[in-house]
Amino acid sequence: MKKTFFAVGLQIAIMILVIIPPYIVRAIGETVYLETEKMDPRSIFRGNFAILGYKAAQGIVSQEMSEESRKFGKPVYVQFTTDRPAKFVSVSLEKPEYEEGRVCIAGRVRGWGGWNPDGSNNESVDFPQIAQFFTTAEEAKAIEDARGENLLAKVKTTKGCNAQLVGMELK
Amino acid sequence: MSKLSAEDALGIWQEKGLLSREKAGELKNALKGVQAHDGIGKGITIFATIGVVLVGLGILLFIGSNWKNMGPAQRMLTVFAVYIITALGAFSSQKRGYEKVSESLWFLCSLMLGGGIFLLAQIFNYSLTYWQGPFLWMIGILAMGFARRKQAYAAAAVPLGILALGWLGGGEGWFMDDEMGFLFSDRGLKPILPLMGIALISLGTVVRERVDWMEQSFFKWGALLAAVPLIASTVDEWILKDVFSAAFTLKQAVIICLAFVVVVLAVMKGKLRSDMSRYALIASAILLFAPVIHVGGEPYLGRLVSEQILVFVAFIIAVFALFLLSVWFGVQTSNRNLVNAGVLGSSVVILIQYFSWSFEMLNSSIAFILGGLVLIALSVFMERTRRKLLFSMK
């Protein structure tokens, strides 16, 4: 029975473990407001949610960086200003040094190839950890409709480039 | 052997002079007061299991339907409360001696753990492909498996491990992949699933003595992972190339290396039934890795099979022969699971070939009628062959 009690304790600890990291990010993270971008939902398994892409992360990765990221499975680190809404500063394969007034978020190169309106072949970046907002069916629909420049995602970010989606706000 | 009552068996042994009358009487007396196995035990397990699944689904539906009305704190409390109530129920029923019910409830705890992980993650808008979810769930299930020592825990842990591995990275950068991408993408696990299957079977032989509740599930999952892509490749000539097409990402390369390390470990340290099993493991690993070998940017074997119909036919025969070989090998090594897998695999290959050719060559109504007859005949053949082979192993 001791082993079973240990297993139960471990299972409860695992559930607690799931909620600790996001609370830490929310507690110590710096707030950034990102303009959302219209994107089609990609999944049928997620229940009521809104899929989010971010305007400032579109067409920012060169083909060379994209290839290196995808080949070696490396994340890309995108730096933004803390303005409301945030502005893109830089993108790199290395974690940037912390700077006052700037935040970074780790993401992945989308990998669909670039076809930007400005004619460049640059790729976009997805932030899977803040790419969906779970809510009720009605709210999800309203958010889907309001996505774009009118809707800002309130995101907490840490110096380690972790990010947590805290909520959605109208611009 | 048909089932005999203990009394009949004692009588037969006495008739054959294997047992004295006194000893038979002693053995008979020793059984007094012991409850006969009347099939009710299985019934209880089935009822308890169905009950557990219904309760689990009901709880998840209840949480789901009330989720929108709860704040984050209430949601968390609900998830933890449901888990703790289930654990208390399991503990209480075990204390009262309801073993089967308590085992089902302990298993429900592990199911609640999974539901809890994903519901908690959802509060913080984590992605469904949050790979840490299935990984943590697997750890929790294995911990309970070590405590309860039931095969069901290993059977549940394996797909969770595959899911965690599949969603980890996915070759697309860092830590997440699309939901099913790992099963269909060249950058995912698809081309190396058969090799992973052999590694899983090998792992089962390594842990056989210490963790006996894992071996059977590891074998069954391993056989499934190894067989399904091979069988699917016999459906059409282009499928082999598609299934084994790999991008050779860092993750894939690491998994391939680890799979071979596990196979070698099993060959050296595994508790195998015979030396033949060691050779068979190595041969299987090499055979299942061969289609992954790329020449000129595409799978070499796949290209050959897709370009020449005769090579495709030879490939089908080879896959069929491989399953027959596994039946023979299963009989030689008294491995019932291998016999079952071999009989089932070879039958499915026959069935696929029937449906592949018959609809091109026959009127559809005749094809259906003949298809039904083929299925019935195949079932009879499978049942007879399996029974005969398993009986010969006793």
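Residues numbered from 1 in each chain as written. Chains lettered and ligands numbered in written order. Predicted model: local features only at pLDDT ≥ 70, side-chain atom pairs only at ≥ 80, totals over all residues. Heavy atoms only, no water.

Looking at this structure, how should I read the confidence of the model for chain A?
A low pLDDT score tells you not to read the predicted coordinates there in detail. The predicted model of chain A has a mean per-residue pLDDT of 82, with 84% of residues at 70 or higher. Within chain A, strand E4 (residues 76–81) of chain A carries the highest mean pLDDT (92), whereas helix H3 (residues 137–146) of chain A carries the lowest (70). (pLDDT = per-residue confidence, 0-100. Helix = DSSP H or I, 4+ residues; strand = E, 2+ residues; numbered from the N terminus.)

When you look at the confidence of the model for chain B in this model, what are you seeing that I'm missing?
Residues and elements named next belong to chain B. With 89% of its residues at a pLDDT of 70 or more, chain B has an overall mean of 83. Taken element by element, chain B is modelled with least confidence in helix H3 (residues 40–66), mean pLDDT 72, and with most confidence in helix H6 (residues 132–148), mean pLDDT 93. Overall, residues 171–177 carries pLDDT values under 50, and its contacts beyond four positions in sequence, including any with other chains, amount to 41 contacts. (Contact = heavy atoms within 4.5 Å.)

I tried to follow the interface of chain A and chain B on my own but got confused; where do I start?
Counting from both sides, the interface comprises 42 residues of chain A and, opposite them, 46 residues of chain B. Both faces combined, the contact of chain A with chain B buries some 3800 Å², and carbon together with sulfur accounts for 66% of it. It is Gln11(A), Met15(A) and Arg108(A) that lose the most area in chain A upon contact with chain B, and together they represent 18% of the buried surface on that side. The tally of links from chain A across to chain B stands at zero salt bridges. (Buried area = accessible area lost by both parts, 1.4 Å probe. Salt bridge = Lys/Arg side-chain N within 4 Å of Asp/Glu carboxyl O.)

What's the story with the nonpolar core in this structure? I'm lost.
If you look at soluble globular proteins, the nonpolar side chains tend to sit buried side by side. Counting residues in hydrophobic clusters, the biggest one holds 95 residues, and the most contacted among them are Tyr83(B) and Leu120(B). Looking at which element gives the most residues to this core, the answer is helix H5 (residues 99–123) of chain B, with eleven residues. When sequence neighbours within four positions are dropped, the list of residues in contact with Tyr83(B) reads Val8(A), Gln11(A), Ile12(A), Met15(A), Cys109(B), Met112(B), Leu113(B) and Met144(B). Listed in part, the 30 residues of the second largest apolar core include Ala86(A), Val91(A), Val103(A) and Val109(A). (Core = buried A, V, L, I, M, F, W, Y, C linked by side-chain atoms within 4.5 Å. Buried < 20%, exposed > 50% of the residue type's maximum accessible area, 1.4 Å probe, protein only.)

Is there a simple way to explain the packing of aromatic side chains in this structure?
Centre distance and the angle of the planes are the two values used to describe a pair of aromatic rings. On inspection of all chains with the given rule, the structure shows nine aromatic pairs over all chains. With 5.1 Å between their ring centres and 75° between their planes, Phe107(B) and Tyr153(B) make a pair best called edge-to-face. Placement of Phe107(B) in helix H5 and of Tyr153(B) in helix H7 (residues 151–167) is noted, with a sequence separation of 46 residues between them. Classification of Phe107(B) by relative accessible area gives partly exposed; the value is 21%. Relative accessible area serves as the criterion here: at 1%, Tyr153(B) is assigned to the buried category. Seen in terms of ring centroids, Phe260(B) and Phe289(B) are 5.6 Å apart; in terms of plane orientation they differ by 85°. Their pairing is edge-to-face. A residue pair is termed long-range when its members are at least 10 positions apart, and Phe260(B) in helix H12 (residues 250–269) and Phe289(B) in helix H13 (residues 275–289) qualify at 29 residues. For Phe260(B), a relative accessible area of 26% translates into the label partly exposed. Looking at Phe289(B), the relative accessible area reads 22%, which means it is partly exposed. Grouping aromatic residues by their ring pairs yields a cluster made of Tyr54(A), Phe80(A) and Phe127(A). Over the ring of Tyr33(A) we find Arg84(A), and its NZ or CZ is 4.6 Å from the ring centre. (Phe/Tyr/Trp six-rings, centres within 6.5 Å; stacked < 30°, edge-to-face > 60°. Lys NZ or Arg CZ within 6 Å of the ring centre and 35° of its normal.)

Could you clarify how one ought to interpret the state of the cysteines in this entry?
The term disulfide refers to a covalent linkage connecting the sulfur atoms of a pair of cysteines. Residues and elements named next belong to chain A. Evaluated as defined, the whole model comprises one disulfide over all chains. Here Cys104 is linked by a disulfide to Cys161, with a sulfur-sulfur distance of 1.7 Å. On the sign convention where negative is left-handed, the bridge of Cys104 and Cys161, at about -85° about the S-S bond, is left-handed. Separated by 57 residues along the polypeptide, Cys104 in strand E6 (residues 102–109) and Cys161 in the loop between strand E9 (151–157) and strand E10 (163–170) bring together distant segments of the chain. Like Cys104, the residue Cys161 is buried in the burial classification. (Disulfide = S-S within 2.5 Å.)

Would you mind showing me how to read the sheet that holds strand E3 (residues 53–54) of chain A here?
Strand-to-strand pairing in sheets goes through backbone hydrogen bonds, with the strands running parallel or antiparallel. All names here are of chain A. One open sheet accounts for four strands, arranged E3-E1-E9-E10; its pairing is antiparallel. Across the chains shown, the open sheet's two edge strands, defined by having one partner strand only, are E3 and E10. In this structure, E9 lies alongside E10, joined through seven bridges in antiparallel fashion. Among the inter-strand pairings, Ala153 is bridged to a residue of E10, identified as Met168. On the sheet, helix H1 (residues 2–28) packs against strand E1 (30–37), E9 and E10 and is oriented at approximately 60° with respect to E10. (Pairing = 2+ DSSP bridges. Axes fitted to C-alpha atoms, helices over the stretch in contact; angles between N-to-C directions.)

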